[in-house]
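Listed below, chain by chain, are the residues.
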Amino acid sequence: MTAMVKAEGVHKSYGAAHILKGIDLEVNNGEVFCLVGPSGSGKSTFLRCINHLEKINSGRLYVDGQLVGYRQKGDKLYELKDSEVAVQRRDIGMVFQRFNLFPHMTALGNVMEAPIQVKGESKAVARERAERLLDRVGLRDKMGNYPSQLSGGQQQRVAIARALAMEPKLMLFDEPTSALDPELVGDVLDVMRDLAESGMTMVVVTHEMGFAREVGDNLVFMDGGVVVESGHPRDVLGNPQHDRTKAFLSKVL
Ligand SMILES: Nc1ncnc2c1ncn2[C@@H]1O[C@H](COP(=O)(O)OP(=O)(O)OP(=O)(O)O)[C@@H](O)[C@H]1O
Ligand SMILES: [Mg+2]
């Protein structure tokens, strides 16, 4: 079985700043893979490399067996054209801390937009799917609301439905609940749990250790651009082996 995500010796620098220093990891199909670590450790950078919003400097990164952003001929790599990268990216849904919904469109409009614009889908088909997805994230009554008429947690659930509308094979979450008021976090985590149970492969950057422990299949602790330790969330969180992991967890748990 090919892994959904495979990183081999991934390095990333911004100018002279060496951010990712050789990341090796594998995310299996259907797995919830949690990434935790202190601020600045490179978690968001790594997620952005997975859908080629950032170019890696060396190493190899594969999604579903395909090299991200490159084509390999012999032992040489050739960069894909923007249009080819866009096709790769279609299959990867991304949800950020800030939801970035289109403010001038209703919840329904936001979820219908990409399939129509990117895949040339008919309005009727896009609408049917959007209604089903908004129902699934608990927003059946809010489909006609504009983002300004929704709470942060509701907006984030629209953002998740919007990503799902493209029928991705992989979902990336970058601290999806950390901008929310505490009482709104639970509904978003419930949606993510439901998605995990449906078999979606998910890479989740989060500080919600309860979620990681309960829903995660694997957890990686990153610090300073390297993987310090990894394993089942229960083991890494319950019995961390490295001092850096212990120090971090003592602050967040
Ligand atoms: N576009 C950029 N140009 C230059 N430096 C950047 C850029 N993006 C990120 N960095 C730097 O890379 C490092 C890692 O950033 P990154 O956002 O990946 O960390 P993070 O682990 O997601 O942190 P946080 O938990 O605060 O979100 C930081 O030192 C950051 O300043
Ligand atoms: Mg980040």
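Note: the structure precedes this text.
First things first, this report covers the structure right here in the doc.

Criteria and cut-off values
Residues numbered from 1 in each chain as written. Chains lettered and ligands numbered in written order. Predicted model: local features only at pLDDT ≥ 70, side-chain atom pairs only at ≥ 80, totals over all residues. Heavy atoms only, no water. Pairing = 2+ DSSP bridges. Helix = DSSP H or I, 4+ residues; strand = E, 2+ residues; numbered from the N terminus. Axes fitted to C-alpha atoms, helices over the stretch in contact; angles between N-to-C directions. Contact = heavy atoms within 4.5 Å. Buried < 20%, exposed > 50% of the residue type's maximum accessible area, 1.4 Å probe, protein only. Arc of directions from axis to C-beta. Near = heavy atom within 4 Å. Polar contact = N/O pair within 3.5 Å; in protein donor to acceptor, adjacent residues only side chain to side chain. Areas by Shrake-Rupley, 256 points an atom, 1.4 Å probe, with all protein chains shown as cover. Phe/Tyr/Trp six-rings, centres within 6.5 Å; stacked < 30°, edge-to-face > 60°. Lys NZ or Arg CZ within 6 Å of the ring centre and 35° of its normal. Parallel < 35°, antiparallel > 145°, perpendicular 65-115°, else oblique. Left-handed = near helix turned anticlockwise from the far one by under 90°.

## Things to note about the sheet that holds strand E10 (residues 201-205)
An order of E8-E9-E10-E3-E11-E12 is seen for the 6 strands of this open sheet, with the pairing classed as mixed. Each edge of the sheet is formed by a strand with only one pairing partner; in this case those strands are strand E8 (92-95) and strand E12 (226-231). Here the strands of the sheet are splayed against their neighbours by 15° on average, with no regard to which way each runs. Where E8 and strand E9 (residues 170-174) come together, 4 bridges link them in parallel fashion. Following the sheet pairing, Val 95 is matched in E9 by Phe 173. On top of the sheet, helix H1 (residues 43-50) reaches strand E3 (32-36), E8, E9, E10 and strand E11 (218-223); it is set at about 155° to E9, its chief contact.

## Brief notes about helix H9 (residues 243-252)
Every buried residue of H9 is accounted for by Thr 245, Phe 248 and Leu 249. Seen along its axis, H9 keeps its buried residues to an arc of 95°; they face one direction. Structural note: H9 exposes Asp 243, Ser 250 and Lys 251 on the side pointing more than 90 degrees away from its buried face. The elements touched by buried residues of H9 are E3, helix H7 (209-215), E11, E12 and helix H8 (233-238).

## A short note on the site of ligand 1
Surrounding ligand 1, one finds Tyr 14, Ile 19, Pro 38, Ser 39, Gly 40, Ser 41, Gly 42, Lys 43, Ser 44, Thr 45 and Glu 175. A distance of 2.8 Å separates an oxygen atom of ligand 1 from a polar side-chain atom of Lys 43. One of the side-chain N or O atoms of Glu 175 is found 3.4 Å from an oxygen atom in ligand 1. Relative to its free-state accessible area of 640 Å², ligand 1 is covered by the protein chains to the extent of 57%. Considering every element that reaches the shell around ligand 1, the biggest residue donor is H1, with 3 residues.

## Side note on the packing of aromatic side chains
Applying the stated criterion to the full structure yields 1 aromatic pair. In this arrangement the basic side chain of Lys 73 is found over the ring face of Tyr 78, its NZ or CZ atom lying 5.6 Å from the centre. Against the face of Phe 102 rests Arg 162, its NZ or CZ located 5.3 Å from the ring centre.

## Topic: the packing of helix H3 (residues 107-119) against helix H5 (residues 152-164)
Relative orientation of the contacting elements H3 and H5 amounts to 25°, with a least axis distance of 8 Å. Between H3 and H5, the angle falls in the class roughly parallel. At the point where H3 passes H5, the crossing takes the right-handed sense. Contact residues: Ala 107, Asn 110 and Val 111 in H3; Val 158, Ala 161 and Arg 162 in H5.

## Some words on the sheet that holds strand E4 (residues 58-63)
Pairing is antiparallel across the open sheet formed by 4 strands, whose spatial order is E2-E1-E4-E5. The sheet is open, and its two edges are formed by strand E2 (17-27) and strand E5 (66-67), each paired on a single side. Sheet topology note: the strand E1 (residues 5-14)/E4 ladder contains 5 bridges and is antiparallel. When the sheet's bridge partners are listed, Glu 8 is paired in E4 with Arg 60. Each of E1, E2 and E4 is contacted by H1, which is oriented at about 65° to E2, the strand it contacts most.

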